[in-house]
Each structure stands twice: as C-alpha cells, then as structure tokens.
Amino acid sequence: MKIDFDRVIDRSASHCTKFEKYAGQDILPLWVADMDFQSPIAVIEALQRRVEHGVFGYTLPPPALIDVIIERLQRLYQWRVEAEDIFFMPGVVSGLNMACRGLLEQHQAAITATPVYYPFLDAPSLQQRQLISLPVDKRADGFHYPLEALAEQAAGNAGLLMLCHPFNPIGRLLDRAELTEIAAICERENLWICSDEVHCDLVFDGRQHIPLATISPAAAMRTVTLMAPSKTFNIAGLGGSFAIIQNPELRARFKAAGEGILPNVNLLAYEAMLAAYRDSADWHESLMTYLQGNRDYLYSALNALPGVTMHKVEATYLAWLDVSALGLNNPPGFFESHGLGMSPGAQFGDGDYMRLNFGCPRSVLEETVARFRRALKVS
Ligand SMILES: Cc1ncc(COP(=O)(O)O)c(C=O)c1O
C-alpha cells in the first residue's frame, strides 16, 4: 500500500505540543522531535482493537512484544538478549535520570558530549549529581566524538557516561572505531554507560547502527541501553520505551532508582509498540525513503543560502544548522519573526546553531525554504 507522506494533516485541534507553541501565529513549528505523519495503519488498528475491548486495567508487558524485541535485536545487530534483560518504561528521559540517580554516588559526575538533547544536560543536576560536558570536536569533515577529552575527564570523579547515539542534535551515527574507543575508556576508568539509542531506526544512506553494548561482552556488562519505537513510528505521545541491561547488578540498581516513582507503561503503548515493531516494516522503509529525500532537499536548498550551513545528517530527522555567519544577536527570535519556529541551539549547548525538524510533508519544507530565503533577502 502506498503511504502518503505528502498529506498535510491538521494537528491544530489535537493539543499537540509542537503546534500549540505557535497557535494563532504564522510560524511553522519545526522544533520538538515528533513528525507530522500518521503512524502506520497497523498501529492505528491495534489501538482501535484494544480500545474496543473497553477494559483498561493494570497490564503486564505482552510476551509477544518481548519476543519481537529479542528477535529484532538478534536480527538487526546480532545482539542476543534475554527476556529478563528488558525493562519497560514510559519514557527514555526517565531512564537518563534513573541512571544518574542509581548509578552515581553523591560525589560522582556524569559525562556527556555536547551539544546534546537537553535532558542530558539537566539530568545530573536534577538528581543532585555533577555534569561534565565535553564539546564535540568540530573538524572540516564534520563532528567527531571528543575521545581525548573523554579519556582525560573519565580519569577524575566521573562514574557514568551518557551517550546519545545516534547523536541528537548533530545527526551523527557513531562508528565502530569511536564506539570501541569509548567502551575501552569506560572499561579502563570503570564508568557505567547509559546509551540513549532512541533514534537507532532513523539511519540514512544504508548505514548500520551499532549498539554500544554489542562492542564487547565487557561493554555489555557496564551498559544501560535505552530504546523505543516512539520516534520512528511517531508514537511519542503514547509513552513506551525500554531499557536493555544484561548485567543483573546494574539492572537492580537502575530499577531501584525508579522504585515508587516510575509509573507503569500505559497499556495502549504496549499495543502500539508491538504493532510498530512487528507489523510496520513496510511503512518504516517508506518513511526512510521519504525522510532521506527531505534531508537531501533541505541540504542542497539551505547550503545554497548565504550564512547558513547544514551539516550532513547521518541519522535522526533533525538538521543542525550553523547560523553563526549571519551574526545575529538572537537567532531564535530572528527566525520566528520570519515564520520559522526551530529549536534554539543554545538549548543543546551551542547558540551558534538552530535545530530544524524535517519530519514533515515536503510542501512544508518547501515553504520553510521559501521563508529562509525571504528572511535572508535572497531573491
Ligand atoms: C535522544 C533523545 N532521547 C530521548 C528523547 C525523548 O524520549 P521520551 O519522550 O521517551 O522521554 C528524545 C526526544 O526527542 C531524544 O531525542
């Protein structure tokens, strides 16, 4: 069945975070990371069937979902996990906070490379722990993980590395050499790792995502991996994700950090996760073709403009735009005044940039480019 990603769906009456921010204003919402597409039909039908049942009591994770996740990790990454290694949670961000709370002693710090999805920056202080942020290496050929700085800082009072892989907002998919070095440093300095891999199914150009935990058996023993179908299948509002933790001691500490605080996963999220992973492969394939087209269109259109540089996006539907050459005092305000509602780079740790979500119909991106041109007075 052909999936119509070109269709513009009116989200204005759905109380969605993305559109409410600019309600009543002529500003395109290009910020928060959800897409403007309908979820796969299999997901919609699974939810409809469950709603029809009409009884919505406390619910366990469906065994079929556990089987699908185990099969999927084996097939995609040759990663063998057991049912008890999987821990379902309503959100990935909770996992970042639980890692800081449960895996660090009071005097210890969490390390993260920046710019990064802002809850990475907030989690340590929310949990009364210290943050060590390491700017990524900007080189002519793009962004590189700051391995030398990591090696230096890991030798101090750090107890945890928070990894964003694929890397929001810079759009990098870390490669095997980088992951191997990261794992070796954490092994040498005895750091736990919390690897947020929520964007792992949004990878372009035939690249292969490599879960950090699959780098070596030793890496697996010190890693909490966070995954979810929420970004890929556009079901973030349902709240369903999971951690994979193969080391029983680490698992116990991580779970204990959420005890009495972390709610159960919503039963509709279980249904949606299962239908997404089990029954929506064709939709996912079509999505990736469409998103790659969006990325390529945006890449050539924006890089043709004076003062804007779009970095190559290897994964995620988020473009990271260097606007420093425009010399603006207030980049978010400038772009909003021209009808473009992007995420301020400062939120992620680098105010020279803006983040643009291209998970939308092509026509919306064409309008986005037209507004950029007007803003920059390009005829
Ligand atoms: C890297 C990353 N982790 C986590 C999340 C949010 O996860 P959740 O809504 O499940 O807390 C996002 C959302 O943009 C993200 O980009």
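Worth saying up front: this structure is predicted, and the values here are computed from it rather than measured.

Caption draft 1: Quick peek at the overall build of the chain. If you tally the helices and strands in the chain, you get 13 helices and 15 strands. The C-alpha radius of gyration of the chain comes to 21 Å, within 12% of the 21 Å expected for a compact globule of 379 residues. By principal-axis analysis of the C-alpha atoms, the chain measures approximately 60 × 55 × 35 Å. Out of the 379 residues belonging to the chain, those deemed buried represent 56%. Put simply, of all contacts in the chain between residues at least 6 apart along the chain, 74% involve residues at least 24 apart. Accessible area for the chain stands at about 16,200 Å²; split by element, carbon and sulfur atoms hold 51% of it. Seen as two clouds, the 32 positive and the 43 negative side-chain charges of the chain have centres 2 Å apart.

Caption draft 2: Structural context of the packing of aromatic side chains. Counted by the stated rule, this structure contains 19 aromatic pairs. Plain terms: the ring middles of Phe334 and Phe335 are 5.1 Å apart, the flat faces sit at 80° to each other, and that makes the pair edge-to-face. Its relative accessible area of 0% is what places Phe335 among the buried residues. Ring-pair connections join several aromatic residues into one group, and the members of that group are Phe5, Phe37, Phe88, Phe233, Phe242, Tyr270, Tyr277, Trp283 and Tyr290. It is Lys21 that lies over the ring of Trp31; its NZ or CZ is 4.7 Å from the centre. Directly above the aromatic system of Tyr290 lies the positively charged group of Arg362, at a separation of 4.9 Å from the ring centroid.

Caption draft 3: Local environment of the domain arrangement of the chain. Domain boundaries in the chain define domain 1 (17-41 + 281-374) and domain 2 (56-279). Domain 1 puts 31 residues into the contact, and the matching count from domain 2 is 28 residues. Buried area between domain 1 and domain 2, summed over both chains or domains, comes out near 2,700 Å², and the portion from carbon and sulfur atoms is 57%. If you sort the residues of domain 1 by the area they bury against domain 2, Glu314, Thr316 and Phe348 come out on top, with a joint share of 26%. Across the domain 1-domain 2 interface, the total number found is 4 salt bridges. The salt bridge partner of Arg295 is Asp205, with a shortest N-O separation of 2.7 Å. Summed over the shared surface of domain 1 and domain 2, the number is 17 residue pairs in polar contact (both at pLDDT 80 or more).

Caption draft 4: Layout of the environment of Thr112. Relative to the helices and strands, Thr112 resides in strand 3 (residues 109-114). Each C-alpha atom, one on Thr112 and one on Pro135, is 8.7 Å from the other, the two residues being 23 residues apart in sequence. For Thr112, the residues in contact, after removing those within four places along its chain, are Phe120, Leu121, Leu131, Ile132, Ser133, Leu134 and Met162.

Caption draft 5: Geometry of the pattern of salt bridges. Per the stated rule, a full pass over the model turns up 24 salt bridges. A salt bridge links Glu187 to Arg222, with the shortest nitrogen-to-oxygen separation between them at 2.8 Å. Taken as a pair, Glu187 in helix 7 (residues 176-189) and Arg222 in the loop between helix 8 (217-221) and strand 9 (223-227) lie far apart in primary sequence, 35 residues in all. The partly exposed category is assigned to Glu187, whose relative accessible area is 36%. Asp279 is paired through a salt bridge with Arg278; the nearest N and O atoms lie 3.0 Å apart. Relative accessible area serves as the criterion here: at 39%, Asp279 is assigned to the partly exposed category. Take Arg278: its relative accessible area is 46%, and that puts it in the partly exposed class. Connected through salt bridges with shared partners, the residues Arg172, Glu178, Asp205, Arg207, Arg295, Asp296 and Glu314 form a single ionic network.

Caption draft 6: Local environment of the pairing of strand 15 (residues 353-357). The buried fraction of strand 15 amounts to 5 of the 5 residues, a majority that puts the element mostly inside the structure. Bridge analysis of strand 12 (residues 318-322) against strand 15 gives 5 bridges, and the strand direction is antiparallel. Bridge assignment links Trp320 to a residue of strand 15, and that residue is Arg355. In this sheet, strand 15 lies alongside strand 14 (residues 343-344) in antiparallel orientation, the contact comprising 2 bridges. Residue pairing in the sheet places Ser343 in a bridge with Arg355 of strand 15.

Calculation notes
- Residues numbered from 1 in each chain as written.
- Predicted model: local features only at pLDDT ≥ 70, side-chain atom pairs only at ≥ 80, totals over all residues.
- Heavy atoms only, no water.
- Helix = DSSP H or I, 4+ residues; strand = E, 2+ residues; numbered from the N terminus.
- Rg over C-alpha atoms; globule rule 2.2 N^0.38 Å.
- Buried < 20%, exposed > 50% of the residue type's maximum accessible area, 1.4 Å probe, protein only.
- Contact = heavy atoms within 4.5 Å.
- Areas by Shrake-Rupley, 256 points an atom, 1.4 Å probe, with all protein chains shown as cover.
- Lys, Arg positive; Asp, Glu negative; His and termini not counted.
- Charge placed at Lys NZ, Arg CZ, Asp CG, Glu CD.
- Phe/Tyr/Trp six-rings, centres within 6.5 Å; stacked < 30°, edge-to-face > 60°.
- Lys NZ or Arg CZ within 6 Å of the ring centre and 35° of its normal.
- Domains from an automatic or database assignment.
- Buried area = accessible area lost by both parts, 1.4 Å probe.
- Salt bridge = Lys/Arg side-chain N within 4 Å of Asp/Glu carboxyl O.
- Polar contact = N/O pair within 3.5 Å; in protein donor to acceptor, adjacent residues only side chain to side chain.
- Pairing = 2+ DSSP bridges.

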